[in-house]
Amino acid sequence: AESPAMRRLVARIGELAPSPAPLLVMGPSGAGRGVVARAIHAASGLPGGFVPVRGGARDVAAVLFGRGFPRRRGLAELADRGTLYVADVDQLPREVQGALVELVETGRCWRVGGAAYGVDARLIVSSRHDLRALAAANRFEPELAALLDLAPLRVPPLAERAPDIGPLAQAILAEVATRHGVPTPRPTTELLSRLVAASWPGETRGLTNALERAVLNAPAGTYVLSAEDVFPPPQIVEVPVEVRVEVPVEVPVEVPVRVEVPVEVRVEVPVEVPVEVRVEVPVPVEVRVEVPVPVEVRVPAPTPPRQPTLFPIDAPPLPERLDDAMRACIAQALTAASGRVYGPGGAADRLGLAPSTLQSKMIKLGVSKDAFT
């Protein structure tokens, strides 16, 4: 390591590797957090293996802790006496984060749908987020965040360790050549300068991809890798393009239009016309001739006027006739209602009277409902 940031990180790895405490490795994606976790395990002296798992894995609880039925071992059990590395720990479900707390504090795990078992494994996790901020926002298990905040390690981005890019590129070329079975190419000075000056959004992963692509695309037997191999000039490709431009043009056009509108024209002309009016009025002429004739006139004696009457002379008084009519109406209504006065269809309902009013009239007229039941 040439940069001060990487020297500090290497020193911290040597200090924390022998400790069994859980560790958090922070840094941007592609910066090499997994490489740091492997370096810690290699320097720890643990007899067990290094077992990695991603926090966003499918069915991650069963992957980590195994299943009870059908019985299947989990990665935590495989990491016994070694290191269990969980990448992107913030992507774990909350219940799995709680299970990791129990693993660190008690050394026990629970199979999904099964019983508990003991595990003696060192826990190392990584994340590109601030776990304390996530816990404050209730997006991460607070107890696990507190356990991992004991001695966090930060992997600096490539922008903070420019002096390390040259040696890192040579190490990547050696590893890529060995993996693909080709000679290890030597980078030119111009290439190393371009690598240092370039921006690497993908961090170490992006640098590795660029160098591996150059090695695979280089002619067979290439021993020198130039800047053009890694940063090829942009190729100009001629693509036929049809361009249509529409220009609006205003052309005056005369269009004959015939419109028929009904119009009523009324003209008043004063005309003087002489008018002769002749009025004939008939005049009655009365001719009276008086002839003396003897006439005998007999006038009968006047008879006194007869007073009009509403009822026959022999009819009973009016009050008696009204009572009989009311008595007959009440009797008819009681008959139709079977002697019932109240309720729908009762005598009071049929006569349009209140039941109390009908009862008072029945008492006054001597009508009993019992005679109609």
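Scroll up to find the structure.
Below, the structure is looked at part by part. (Residues numbered from 1 in each chain as written. Predicted model: local features only at pLDDT ≥ 70, side-chain atom pairs only at ≥ 80, totals over all residues. Heavy atoms only, no water.)

## A closer look at the pairing of strand E3 (residues 83–87)
Part 1 of the argument: Extensive coverage of E3 is indicated by the burial of 5 of its 5 residues.
Part 2 of the argument: Both faces of E3 are covered, namely the face carrying Thr83, Tyr85 and Ala87 and the face carrying Leu84 and Val86.
Part 3 of the argument: With 5 bridges connecting them, strand E2 (residues 50–54) and E3 associate as parallel partners. Bridging from a neighbouring strand, Pro52 pairs with Tyr85 of E3.
Part 4 of the argument: Pairing analysis gives 4 bridges linking E3 to strand E6 (residues 122–127), with the strands arranged parallel. Bridging from a neighbouring strand, Tyr85 pairs with Ile124 of E6. (Buried < 20%, exposed > 50% of the residue type's maximum accessible area, 1.4 Å probe, protein only. Helix = DSSP H or I, 4+ residues; strand = E, 2+ residues; numbered from the N terminus. Pairing = 2+ DSSP bridges.)

## With respect to the sheet that holds E6
Part 1 of the argument: One open sheet holds the 5 strands; their spatial order is E2-E3-E6-E1-E7, and the pairing between them is parallel. Taken across any chain shown, the strands that pair with only one partner, and hence form the sheet edges, are E2 and strand E7 (153–154).
Part 2 of the argument: Strands strand E1 (23–26), E2, E3, E6 and E7 of the sheet are contacted by helix H2 (residues 33–44), whose axis makes an angle of about 160° with E6. (Contact = heavy atoms within 4.5 Å. Axes fitted to C-alpha atoms, helices over the stretch in contact; angles between N-to-C directions.)

## A few points about the layout of surface pockets
Gaps left between atoms show up when a probe the size of a water molecule is rolled over them.
Part 1 of the argument: Estimated volume of the largest pocket: approximately 990 Å³.
Part 2 of the argument: As for the largest pocket, its lining consists of 42 residues, and the residues nearest its centre are Ala31, Gly32, Arg33, Val35 and Thr204.
Part 3 of the argument: Put simply, the parts of the chain that give the lining of the largest pocket at least two residues each are helix H1 (4–16), H2, E2, E3, helix H8 (165–180) and helix H10 (203–217).
Part 4 of the argument: In the lining of the largest pocket, the residues fall into 20 nonpolar, 9 polar and 13 charged.
Part 5 of the argument: Roughly 250 Å³ of volume is contained in the second largest pocket.
Part 6 of the argument: Those elements that place two or more of their residues in the lining of the second largest pocket are helix H5 (94–106) and E6. (1 Å grid on protein atoms, 1.4 Å probe; cavity = no way out; pocket = protein on both sides within 12 Å on 5 of 7 lines; lining within 4 Å. Points joined across faces, edges and corners; volume = space filled by probe spheres on them. Nonpolar A, V, L, I, M, F, W, Y, C, P; charged D, E, K, R; others polar.)

## Observations regarding H8
Each α-helix turn comprises 3.6 residues. Residues three or four places apart therefore point the same way.
Part 1 of the argument: The terminal C-alpha atoms of H8 lie 22 Å apart, and with 16 residues this matches the ideal 22 Å at 1.5 Å per residue to within 8%.
Part 2 of the argument: Along H8, the residues classified as buried are Ile165, Gly166, Ala169, Ile172, Leu173, Val176 and Ala177. The arc enclosing the buried residues of H8, seen along the axis, measures out at 130°, which places them on a common side.
Part 3 of the argument: Those residues of H8 that are buried are in contact with strand E8 (186–187), helix H9 (189–197), H10 and strand E9 (224–225).
Part 4 of the argument: Note on H8: the residue one or two positions beyond its end, Gly181, has a positive phi of about 70°. (Expected span 1.5 Å × (residues − 1). Arc of directions from axis to C-beta.)

## Some points on the environment of Arg132
Part 1 of the argument: The topology assignment puts Arg132 in helix H6 (residues 131–136).
Part 2 of the argument: Under the relative-accessibility criterion, Arg132 is labelled exposed at 52%.
Part 3 of the argument: With 16 residues separating them in the primary sequence, Arg132 and Leu148 have C-alpha atoms 9.5 Å apart.

## So, the environment of Leu334
Part 1 of the argument: Mapping Leu334 onto the fold places it in helix H12 (residues 318–336).
Part 2 of the argument: Along the primary structure Leu334 and Arg350 are separated by 16 residues, whereas in three dimensions their C-alpha atoms are 9.1 Å apart.
Part 3 of the argument: The contacts of Leu334, once residues within four sequence positions are left out, are Gly339, Arg340, Val341, Ala347, Met362, Val367, Lys369 and Phe372.

## Here's the deal with the side chain of Glu141
Part 1 of the argument: Structurally, Glu141 is set in the loop between H6 and helix H7 (142–148).
Part 2 of the argument: The buried category is assigned to Glu141, whose relative accessible area is 17%.
Part 3 of the argument: For Glu141, the contacting residues outside a window of four places in its chain are Arg94, Gln97, Gly98 and Val101.

## Structural notes on the side chain of Arg111
Part 1 of the argument: Note that Arg111 resides in the loop between strand E4 (108–110) and strand E5 (116–118).
Part 2 of the argument: Excluding residues that lie within four positions of it along the chain, Arg111 makes contacts with Phe65, Gly66, Arg67, Gly68, Arg71, Arg72, Glu77 and Tyr117.

## Description of the pattern of salt bridges
Part 1 of the argument: All told, the structure shown has 14 salt bridges when counted by the stated rule.
Part 2 of the argument: The salt bridge involving Arg327 is made with Asp324; its shortest N-O contact spans 2.9 Å. A residue pair is termed a helical-turn pair when its members lie 3 or 4 positions apart in one helix, as Arg327 and Asp324 do in helix H12 at 3 residues.
Part 3 of the argument: For Arg327, a relative accessible area of 30% translates into the label partly exposed. (Salt bridge = Lys/Arg side-chain N within 4 Å of Asp/Glu carboxyl O.)

## Brief notes about the pairing of E1
Part 1 of the argument: Direction of pairing for E1 relative to E6: parallel, over a ladder of 4 bridges. Looking across to E6, one finds that Leu24 is bridged to Val125.
Part 2 of the argument: Where E1 and E7 come together, 2 bridges link them in parallel fashion. Residue pairing in the sheet places Val25 in a bridge with Leu153 of E7.

## A short note on the nonpolar core
Part 1 of the argument: Core analysis: the largest hydrophobic core is formed by 29 residues, its most contacted members being Leu84 and Val89.
Part 2 of the argument: Listed by contribution, the elements that provide at least two residues to this core are E2, helix H3 (60–65), E3, H5, E6, H6 and H7.
Part 3 of the argument: Residues within four places of Val89 in sequence aside, it is in contact with Gln97, Leu100, Val125, Ser126, Ser127, Leu131, Phe140 and Leu144.
Part 4 of the argument: Leu9, Val36, Ala37 and Leu153 belong to the second-largest nonpolar core, a separate cluster that totals 18 residues. (Core = buried A, V, L, I, M, F, W, Y, C linked by side-chain atoms within 4.5 Å.)

## A look at the packing of H8 against H10
Part 1 of the argument: The N-to-C vectors of H8 and H10 enclose an angle of 50°; their axes lie 10 Å apart at closest approach. By the angle between their axes, H8 is oblique relative to H10. The handedness of the crossing between H8 and H10 comes out as right-handed. Seen from H8, the contacting residues are Ile165, Leu168, Ala169, Ile172, Leu173, Val176, Arg179 and His180; seen from H10, they are Thr204, Leu207, Thr208, Leu211, Glu212, Val215 and Leu216.
Part 2 of the argument: Residue classes in the contact of H8 with H10 are distributed as 10 nonpolar, 3 polar and 2 charged. (Parallel < 35°, antiparallel > 145°, perpendicular 65-115°, else oblique. Left-handed = near helix turned anticlockwise from the far one by under 90°.)

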